[in-house]
Amino acid sequence: MGTHPAHNPFRPHRVVVLALDGLLPFELGIPHRIFDRAVDARGRKLYEIVTCSVRPPGPVETDADFSVLVENGPQALATADTVVVPASYELGPVHEKGVLTDELAAALALIRPGTRLVSICTGGYVLAAAGLLDGRPATTHWSSAEHFQRLFPKVRVDADVLFIDDGDVLTSAGVAAGIDLCVHIVRRDHGTAVANEVARRTVVPPHRDGGQAQYIHRPVPEPQLATTTAARAWALGRLHEPIQLRDMAAQESMSVRTFTRRFREEVGVSPGQWLTQQRVERARHLLESTDLSMDQVAADAGFGTAQSMRQHLGATLGVTPTSYRRTFR
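Sequence order as written defines the numbering, with residues in each chain counted from 1. Under the rules for a predicted model, residues below a pLDDT of 70 receive no local features and side-chain atom pairs below 80 are neither given nor counted, while totals for whole chains, interfaces and linings still include all residues. Derived side-chain values reflect all non-hydrogen atoms in the structure, with water molecules and hydrogen atoms excluded from consideration.

**Topic: the pairing of strand β10 (residues 169–172)**
Relative accessibility thresholds used throughout: buried, under 20% of the residue-type maximum; exposed, over 50%; partly exposed, between the two (1.4 Å probe, protein chains only). Each helix is a run of H or I in the DSSP string that is no shorter than four residues. Each strand is a run of E no shorter than two, and both are numbered from the N terminus. The side-chain alternation of β10 yields two buried faces, one formed by Val169 and Thr171 and the other by Leu170 and Ser172. Strands are treated as partners if at least two bridges between them are detected by DSSP. Relative to β10, strand β6 (residues 116–119) runs parallel, the two sharing three bridges. Bridge pairing in β10 links Ser119 to Thr171. Across three bridges, the pairing between strand β9 (residues 163–165) and β10 is antiparallel. By the bridge assignment, Phe163 is partnered in β10 with Ser172.

Right under this line is the structure:
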């Protein structure tokens, strides 16, 4: 009896991290730490992570008191499914004039069309200088956002978010926001269950509320003023129920106006936006892990009807609930 050929043989997604002189060691390590923890149900690693330089193999300077030995030259970029560019403090003309060095331009030219591109923090300067962010939304560290926008006027800069997913090009805000973005990529590629397990192993939240607005320096609120933590915990326990803004405000004994202002200061988004985010996450979890009908999932997540859930998931994820379940079950 003959054997059938294997269909769709397993191959991990290849992530190539571009190490530039002046890089931040913390950010260089983020893709390795997050993607390397992602495994399938059989324990197989879902990503292969490779680090390369724009030069032949050798040492690359960091912003710390040590260098890193990078064993791959720029040719590795031609093998990537995803390229990640962490931040560097020595971008030279990239940061000063918005233009690539010849060495960097030659390296980026090796990337195959259709390769997913990711930047962490000011690594976005490299993508922008290459013209890869023209006409697209993008973010970077909040302290660099004004300069970034002046240098690259064709880019639609949003300094308030932790990261932006624009399909084949993704950018993150400063430093630890690279963790949020990489966990998001795992979630996008392999679903909430895999991403949550990565987050647990890395001891980070699977999803952080709000955006950069909560980290920008502002006058410190009066210490005697209450926070909105209890209201958020209260709402998370009853997402399946209708939740009114006045009910959330009542949990903190605040007026609706004061509560809304304080909520946005602490979380970075409005209470309504936050509730929708939590309900979308709840729906994703149920679609992946249960056989509940669409109506049941919608009710449990607090959307009321399957049609309402379809609209919210379509706006947030770009797919229907049925397509999402088919992909991640």
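On we go from here.
**Here's the deal with the packing of helix α8 (residues 229–236) against helix α10 (residues 256–267)**
Working convention: axes come from line fits to C-alpha atoms, limited for helices to the stretch in contact. Angles between N-to-C directions cover 0 to 180 degrees. Direction vectors running N to C along α8 and α10 enclose 90°, while the axes themselves pass 10 Å from each other. Regarding the angle of α8 to α10, the classification is roughly perpendicular. Residues Thr229, Ala231 and Arg232 of α8 form the contact with α10, whose own contacting residues are Phe259, Phe263, Glu266 and Val267. Residues are grouped as follows: Ala, Val, Leu, Ile, Met, Phe, Trp, Tyr, Cys and Pro are nonpolar; Asp, Glu, Lys and Arg are charged; all remaining types, including Gly, are polar. Each residue belonging to the contact of α8 with α10 can be placed in one class, and the counts come to four nonpolar, one polar and two charged. An angle counts as roughly parallel when it lies under 35 degrees, as roughly antiparallel when it exceeds 145, as roughly perpendicular when it falls between 65 and 115, and as oblique in every other case. Contacts were defined at the residue level, with two residues in contact if any of their heavy atoms lie within 4.5 Å.

**Regarding the state of the cysteines**
By definition, disulfides here are pairs of cysteine sulfur atoms that lie within 2.5 Å. Scanning the model with the defined rule gives zero disulfides in all. Looking at the unpaired Cys121, the closest cysteine sulfur is the one in Cys182, lying at 13 Å. Residue Cys121 is classed as buried on the basis of its relative accessible area, which comes to 6%. The exposure class of Cys182 is buried, given its relative accessible area of 0%.

**A few points about the sheet that holds β9**
Pairing in this open sheet of six strands is mixed, and the strands run β2-β1-β5-β6-β10-β9 from one edge to the other. Because the sheet does not close on itself, it has two edges, and the strands there are β2 (47–52) and β9. Ignoring which end each strand starts from, the neighbouring axes of this sheet average 15° apart. Two strands pair when backbone bridges link them, and strand β1 (residues 13–18) and β2 are joined in this way by six bridges, in the parallel orientation. Of the residues in β2, the one forming a bridge with Arg14 is Glu48. Across the sheet, helix α1 (residues 25–35) touches β1, β2 and β5 (82–85), and the angle it forms with β2 is around 165°. Where helix α6 (residues 177–190) meets the sheet, it contacts β2, β6, β9 and β10, and its direction lies at approximately 150° from that of β10.

**Observations regarding the environment of Thr327**
Mapping Thr327 onto the fold places it in helix α14 (residues 321–328). Overall, the relative accessible area of 55% leaves Thr327 in the exposed class. Taking the C-alpha atoms as reference points, Thr327 and Arg37, separated by 290 residues in sequence, lie 21 Å from one another.

**What about the pattern of salt bridges?**
Any Lys or Arg side-chain nitrogen found within 4 Å of a carboxyl oxygen on Asp or Glu counts as a salt bridge. Taken as a whole and judged by the stated rule, the model has 19 salt bridges. In this structure, the salt-bridge partner of Arg188 is Asp165, at a minimum N-O distance of 2.7 Å. With Arg188 in helix α6 and Asp165 in strand β9, this pair connects stretches of sequence that are 23 residues apart. In this structure Asp165 comes out as partly exposed when scored by relative accessible area, which is 29%. Notably, a salt bridge pairs Glu265 with Arg262, separated by 3.2 Å at the nearest N-O pair. Highlighted residues: Glu265 and Arg262, both in helix α10, separated by three residues, approximately one helical turn. Note on Glu265: relative accessible area 40%, which makes it partly exposed.

**With respect to helix α7 (residues 192–202)**
Every buried residue of α7 is accounted for by Thr192, Val194, Ala195, Asn196, Val198, Ala199 and Thr202. Summarising the contacts, the buried residues of α7 are in contact with α1, α6, α11 (271–289) and α14. At the exit of α7 stands Val203, carrying a positive phi of roughly 60°.

**So, the side chain of Ser119**
With respect to the helices, strands and loops of the structure, Ser119 is situated in strand β6. Ignoring any residue separated from it by four or fewer positions in sequence, one finds Ser119 in contact with Val85, Gly124, Leu127, Leu170, Thr171, Ser172 and Leu181.

**Concerning the pairing of strand β4 (residues 67–70)**
Every regular strand shows the same layout, with side chains that alternate between the two sheet faces. Examined bridge by bridge, strand β3 (residues 58–61) and β4 share four bridges and lie antiparallel to one another. Counted as the bridge partner of Pro59 is Leu69 from β4.

**Section: the nonpolar core**
In this text, buried Ala, Val, Leu, Ile, Met, Phe, Trp, Tyr and Cys residues form a nonpolar core when linked through side-chain atoms within 4.5 Å. With 30 residues, the main nonpolar core has Val15, Ile34, Phe35, Ala38, Tyr47, Ile185 and Val186 as its most contacted residues. Within the residue set of this core, elements represented by two or more residues are β1, α1, β2, α6 and α7. The leading source of residues in this core is α6, at six residues. Beyond its immediate chain neighbours, meaning those up to four positions away, Tyr47 contacts Pro12, His13, Val15, Phe35, Ala38, Ile185, Val186, Asp189 and His190. With 29 residues, the next largest nonpolar core counts Val54, Val83, Leu91 and Val155 among its residues.

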